[in-house]
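What follows is each chain in one-letter form.
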Amino acid sequence: MTYQADNLICIDNSGYIAAIITPQDSDYAAILATAQKRDCLIQLSTQQVVLPGFIDLHIHAPQWPNAGVALDRPLEEWLNVYTFPLEAQYQDANFAQQVYADLVQELLAQGTTTALYFGSVHNQGNLALAQACLKYQQRGFIGKVVMDNPEQTPANYRDESAAQALQATQSFIEQLQQLNQTAKISLTPVITPRFLPSCSDEALAGLGQLAHQYNLPIQSHCSESDWENGYALQHYHQRDAQVLNRFGLLTNKAVMAHGTLLNEDDLNLFQQQGVAIAHCPISNVYFGNAILPTKIILQKQIKMGLGTDISGGYSASLYQNIRQAVISAHQRHDGVDGQINALNRGTQDEFLTIKNAFYLATLGGARSLQLPTGQIKVGCYADLQIVHNNWTTWQSETPAMRFEKLMYHTDKNNIDQVLVQGQIIQKKE
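The structure displayed is predicted, hence computed values, not measured ones. (Residues numbered from 1 in each chain as written. Predicted model: local features only at pLDDT ≥ 70, side-chain atom pairs only at ≥ 80, totals over all residues. Heavy atoms only, no water.)

**A word on helix 6 (residues 201-214)**
Since there are 3.6 residues in each turn of an α-helix, residues three or four apart along the chain are aligned in direction. The terminal C-alpha atoms of helix 6, which comprises 14 residues, lie 20 Å apart, in line with the 20 Å expected from a rise of 1.5 Å per residue. Looking one or two residues past helix 6, N215 carries a phi angle of roughly 55°, positive in sign. (Helix = DSSP H or I, 4+ residues; strand = E, 2+ residues; numbered from the N terminus. Expected span 1.5 Å × (residues − 1).)

And the structure:
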């Protein structure tokens, strides 16, 4: 990670970073003068810095109205009493439009330039989410959720059959391909089995085939909780990672959320297959039943990024999840039960640093989605956020100190502008 003062970030007409000019470069003054003359210069104050835009690797878009609701309930109850009834409302396109317009604008205001979304069962709502991404110019990866198992899904909120679920998934893929013909920023359809308990074998196998046929990303949950982990062992006599792999759903375009209970064999399988993990630190506190060993995963060079997991996570801010990722890693290292001897209480894992967590929110997410973004570098998308300090800067404050303070103090009130692929999307007056 580097801090570069007074550089010029030059953006081309396609929204890529074409050049980064330093004050020492011979053409610096001429390029600066040209930009000023053409009135296309964004000039920062001494209190502002440019950071890469954030990438949210796991968010349940229809759950936005419930963010912060019922987080003290067990996962199964939270799903059946609160979550599934809300998601069932997205067959109403008008309701979906209102929620998704609010959600996409909120995420952009929080510095999130790319989001990997779970939609709902109903394509009316999923298309409203796609339209909101197009309208507000956020890069959206969107999945029609598949859940057809009558034993684990409510009668009023499920796919009628595996065949119907697969047909609706294919239809959504083709509808997004049609929308992309005129889109400024492309949308990506994502194959989305909710998780093993909610899907039949026929649906899982068909989704694996569609992912291969269209060469698409895949998203689901894997080893998220004791309940989900136990379901796979009870019904398949295998771990859920093995089952998903058997159906062709663990590929180098797959992003699996949570993973708090992944074991060594699971992690080796992820490494072999090129699977990414969406670490959702706030949500995992409530429903994960364990703390993800983030430092071990990074050391294994398994792809990993951050997700808010609305509404299992209460906040749309990846800044808050950056902070929680570090907090949770410290708790895992130190242990949490004061009645256990200090020598045996925690783990030997290295601490996760704030730089590590920032990497997850930016380049880690970009690599997970195979996107040229997540860093301020020539050849990358100009997905950027301009952020200002909310503290007095002291003479002794180094760039490294300033970065750490930004990570711990920033909220959306400090985010002045957001650019997606070179376009100014959010701008404070």
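Continuing now.
**Comments concerning the pattern of salt bridges**
On inspection of all chains with the given rule, the structure shows 9 salt bridges. A salt bridge links K300 to E264, with the shortest nitrogen-to-oxygen separation between them at 2.7 Å. With a gap of 36 residues between them, K300 in the loop between helix 11 (294-299) and strand 11 (304-306) and E264 in helix 9 (residues 264-273) connect regions that are remote in the sequence. With a relative accessible area of 46%, E264 lands in the partly exposed category. (Salt bridge = Lys/Arg side-chain N within 4 Å of Asp/Glu carboxyl O. Buried < 20%, exposed > 50% of the residue type's maximum accessible area, 1.4 Å probe, protein only.)

**A few points about the packing of aromatic side chains**
Geometrically, a pair of aromatic rings is defined through the distance of the ring centres and the angle of the planes. Evaluated as defined, the whole model comprises 9 aromatic pairs. With a centroid separation of 6.0 Å and an interplanar angle of 40°, the aromatic rings of F84 and Y157 are classed as tilted. One end of the pair, F84, is in helix 2 (residues 75-87); the other, Y157, is in the loop between strand 6 (139-146) and helix 5 (162-179), with 73 residues separating them in the sequence. On the basis of relative accessible area, F84 is assigned to the buried category, the value being 3%. (Phe/Tyr/Trp six-rings, centres within 6.5 Å; stacked < 30°, edge-to-face > 60°.)

**Side note on empty space enclosed by the protein**
For the coordinates displayed, the defined rule picks out 2 cavities of 30 Å³ or more. One number sums up the size of the largest cavity: a volume of about 100 Å³. Lining of the largest cavity is provided by 13 residues; of these, H60, W78, L79, H221 and E224 occupy positions nearest its centre. Of the residues forming the lining of the largest cavity, the biggest block, 3 residues, is contributed by helix 2. Class assignment for the residues of the lining of the largest cavity results in 5 nonpolar, 5 polar and 3 charged. Around the second largest cavity sit L292, P293, T294, K295, A329, R332, H333, T347, D349, E350 and L352, which together line it. Counting only elements with at least two residues in the lining of the second largest cavity, the list comes to helix 11 and helix 12 (318-334). (1 Å grid on protein atoms, 1.4 Å probe; cavity = no way out; pocket = protein on both sides within 12 Å on 5 of 7 lines; lining within 4 Å. Points joined across faces, edges and corners; volume = space filled by probe spheres on them. Nonpolar A, V, L, I, M, F, W, Y, C, P; charged D, E, K, R; others polar.)

**Describing a nonpolar patch on the surface**
A cluster of nonpolar side chains, namely I42, L44 and I424, defines an oily patch on the protein surface of about 220 Å² accessible area. Assignment of secondary structure puts L44 in the loop between helix 1 (28-37) and strand 3 (48-52). Residue class for L44 comes out partly exposed when judged on its relative accessible area of 32%. (Patch = residues over 30% accessible without salt bridge, like charges linked within 9 Å, V, L, I, M, F, W, Y side chains within 5 Å. Areas by Shrake-Rupley, 256 points an atom, 1.4 Å probe, with all protein chains shown as cover.)

**A word on the layout of surface pockets**
When its volume is computed, the second largest pocket comes out at roughly 300 Å³. Along the lines of polarity and charge, the residues of the lining of the second largest pocket split into 9 nonpolar, 6 polar and 3 charged.

**Things to note about the nonpolar core**
Within the largest apolar cluster, 61 residues are counted, with the highest numbers of intra-cluster contacts made by I191, M256, F270, I277, I322 and M407. Excluding residues within four positions of it along the chain, I191 makes contact with T169, I173, L207, L210, A211, L216, P217, I218, Q219 and L249. (Core = buried A, V, L, I, M, F, W, Y, C linked by side-chain atoms within 4.5 Å. Contact = heavy atoms within 4.5 Å.)

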